[in-house]
Amino acid sequence: MAYKMGKKVEEIIKKAIKEDLGNGDITTSSIFNKENFPVKAILISKGEGILCGIDILKNVFTILSPSFSFSFSFKDGDKIKKKDIVGEIYGPIKELLIGERTALNFLQHLSGISTETRKLVEKAENKVKIYDTRKTTPNLRLLEKYAVKIGGGENHRFGLYDMVLIKDNHIKGVMEKEKVDKISAISICVKRAKKCVKNKVKVEVEVENYKQAVSAYLAGADIIMFDNTSKRQLLKFNKFLTGKRKIEIEWSGNVSLRKIDKIKKLPVDRVSAGYITHSAKVLDFSLKISSI
């Protein structure tokens, strides 16, 4: 699965380069002055995991100079081991040195997300689907959600615009305005959302217990997310669904690699996990200049 370079991705990369380069690389320009010559650099993995971001890395360098060429032994989604030679980069030394850290930052961050996602997906054993959340780095959501897909996960909504997700504060806002209890507020929220979107997008609701779930269901919700809920409440709702309209059930809240063993045994269709994007440990790489 290669990453298609688009205007948004190109803009992200150019901003990252500008952040690091500023008015110029004073170290490189002072050492090489007016000289510039081709070199070969070897990309080496410093850990074990899932590779992600090769095309992003390439684009960092080709934005700096069209003279770069590449030879890679691995592609996005491949498992790599410590000390694997991922590939070779050929190009002008000045631009190589300018782009090195930015390119590696993208690669190690995205590979870390893919690696963490793959661990969770494999532990889930296809019994539940693993979804990401909007807990992403500002301006990097497009890339981070790509990394989740490379790791075998699924993308939840990309933003506030592509799906209705009624959360606790939406419900509390209605409670405050309408002076109703939470059960009633959930019903009001769902009915208003369904009327507005007219089935163009799905409507999901965050609930904490059985009664709230029933209210959301009866109002027409498509997906019900049990957030930090007890197993007993979920099982009670699952029993309620017997013979009724099919919906998706999502489990969320403090999901971890350790807890997924128990979660995957529950009657849920999907699990959303914020930590795979906001807390994934980077997969480190080094770029070493070598003889051509």
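Notes on the structure follow. Bear in mind the structure is a predicted one, so any value in this text is a computation, not a measurement. Numbering of residues begins from 1 in every chain and follows the order in which that chain's sequence is written. At least 70 in pLDDT is required for a residue's local features to be given in this predicted model, at least 80 for side-chain atom pairs to be given and counted, and no such filter applies to totals for whole chains, interfaces and linings, which use all residues. Remark: hydrogens and water are excluded; side-chain values derive from all non-hydrogen atoms of the structure.

1. Re the overall build of the protein
Right, so step 1: Here a strand is any run of E in DSSP of at least two residues, a helix any run of H or I of at least four, and the numbering for each starts at the N terminus. Each helix and strand in the protein was counted, giving 11 helices and 12 strands.
Right, so step 2: Contact between two residues is taken to exist if any of their heavy atoms lie within 4.5 Å; hydrogens are not considered. Long-range contacts, defined here as pairs at least 24 residues apart, represent 70% of the contacts in the protein between residues at least 6 apart.
Right, so step 3: To measure how exposed things are, a 1.4 Å probe is used in the Shrake-Rupley method; for residues, cover is taken only from the protein chains shown. Summed over all atoms, the accessible surface of the protein reaches about 15,500 Å², with 52% contributed by carbon and sulfur.
Right, so step 4: Here the protein contributes 56 positively and 35 negatively charged side chains, and the mean placements of these two sets differ by 6 Å. Just so you know, the count uses Lys and Arg for positive and Asp and Glu for negative, and it drops His and the chain ends. In this description, the location of a charge corresponds to atom NZ of lysine, CZ of arginine, CG of aspartate or CD of glutamate.

2. Considerations on the packing of aromatic side chains
Right, so step 1: Classification of ring pairs rests on two measures: the distance between centres of Phe, Tyr or Trp rings, Trp counted by its six-membered ring, which must be within 6.5 Å, and the angle between planes, read as stacked under 30 degrees, edge-to-face over 60 and tilted in between. One pass over the structure, following the stated rule, counts 9 aromatic pairs.
Right, so step 2: Arranged with centres 5.1 Å apart and planes meeting at 45 degrees, the rings of F61 and F68 form a pair that is tilted. Both residues of the pair, F61 and F68, count as buried.
Right, so step 3: Seen in terms of ring centroids, Y217 and F240 are 5.6 Å apart; in terms of plane orientation they differ by 90 degrees. Their pairing is edge-to-face. Taken together, the positions of Y217 in helix α8 (residues 210-219) and F240 in helix α9 (residues 231-240) put the pair 23 residues apart, joining distant regions of the chain. Accessibility assignment for this pair places Y217 and F240 in one class, buried.
Right, so step 4: Three or more aromatic residues joined by ring pairs form one cluster here, namely Y210, Y217, F226, F237 and F240.
Right, so step 5: By definition here, charges over rings are those cases where NZ of Lys or CZ of Arg is within 6 Å of the ring centre and within 35 degrees of the ring normal. Seen from the ring of F240, K244 lies directly overhead, with NZ or CZ sitting 4.5 Å from the centre. Burial status follows relative accessibility: with a 1.4 Å probe on protein chains alone, a residue under 20% of its type maximum counts as buried, one over 50% as exposed, and anything between as partly exposed.

3. Quick look at the pattern of salt bridges
Right, so step 1: A pair is scored as a salt bridge if a Lys or Arg side-chain nitrogen falls within 4 Å of a carboxyl oxygen belonging to Asp or Glu. Summed over all chains, the structure comprises 24 salt bridges.
Right, so step 2: K81 is the partner of D84 in a salt bridge, and the nearest nitrogen-oxygen pair spans 3.9 Å.
Right, so step 3: The buried category is assigned to D84, whose relative accessible area is 14%.
Right, so step 4: Residue classification places K81 among the exposed residues on the basis of a relative accessible area of 51%.
Right, so step 5: The salt bridge involving K149 is made with E154; its shortest N-O contact spans 3.4 Å.
Right, so step 6: For E154, a relative accessible area of 26% puts it in the partly exposed group.

4. Things to note about the environment of I224
Right, so step 1: Relative to the helices and strands, I224 is located in strand β9 (residues 223-227).
Right, so step 2: In the structure, I224 is positioned 45 residues away from D269 in sequence and 10 Å away in space, judged by C-alpha atoms.
Right, so step 3: Each residue touching I224, except ones within four places of it in the same chain, is listed here: V205, V207, A213, A216, Y217, F237, I247, E248, I249 and E250.

5. Topic: the sheet that holds strand β11 (residues 270-272)
Right, so step 1: Read across the sheet, 6 strands follow the order β6-β11-β10-β9-β8-β7 without closing on themselves; strand pairing throughout is parallel. On the outer flanks of this sheet lie β6 (129-131) and β7 (164-166), each paired with one strand and no other. Neighbour to neighbour, the strand axes of the sheet diverge by 25 degrees on average, direction disregarded. When DSSP locates at least two bridges between a pair of strands, those strands are taken to pair. Axis definition: a line fit to C-alpha positions, over the contact stretch in the case of helices; interaxial angles, taken between N-to-C directions, run 0 to 180 degrees.

6. So, helix α6 (residues 168-178)
Right, so step 1: Of all the positions in α6, only D168, I171 and V174 are classed as buried. Along the long axis of α6, the arc covered by the buried residues comes to 125 degrees, so they all point the same way. Exposed and oriented more than 90 degrees from the buried face of α6 are N169, E176 and K177.
Right, so step 2: Close packing links the buried residues of α6 with β7, α7 (182-197) and β8 (203-207).
Right, so step 3: K179 lies just past α6 and shows a positive phi near 60 degrees. Here, the arc refers to the directions that run from the helix axis to the C-beta atoms.

7. Thoughts on the layout of surface pockets
Right, so step 1: The volume enclosed by the largest pocket comes to roughly 630 Å³.
Right, so step 2: Around the largest pocket, the lining comprises 19 residues; the ones closest to its centre are I12, F106, N139, L140 and R141.
Right, so step 3: At the level of secondary structure, the elements contributing two or more residues to the lining of the largest pocket comprise α1 (7-21), α4 (93-124) and α5 (141-150).
Right, so step 4: Considering only residue class, the lining of the largest pocket consists of 7 nonpolar, 5 polar and 7 charged. Each cavity reported here is a set of points on a 1 Å grid over the protein atoms alone in which a 1.4 Å probe fits but cannot get out, each pocket an open set with protein on both sides within 12 Å along at least five of seven lines, and each lining residue one with an atom within 4 Å of a point. Grid points are joined across faces, edges and corners, and a volume is the space filled by probe spheres set on the points. The residue classification treats Ala, Val, Leu, Ile, Met, Phe, Trp, Tyr, Cys and Pro as nonpolar and Asp, Glu, Lys and Arg as charged. All others, Gly included, are polar.

8. Quick look at the environment of E88
Right, so step 1: If you trace the backbone, E88 turns up in strand β5 (residues 85-92).
Right, so step 2: Separated by 22 residues in the primary sequence, E88 and L110 have C-alpha atoms spaced 19 Å apart.
Right, so step 3: For E88, the contacting residues outside a window of four places in its chain are K40, A41, I42, S69, F70, S71 and F72.

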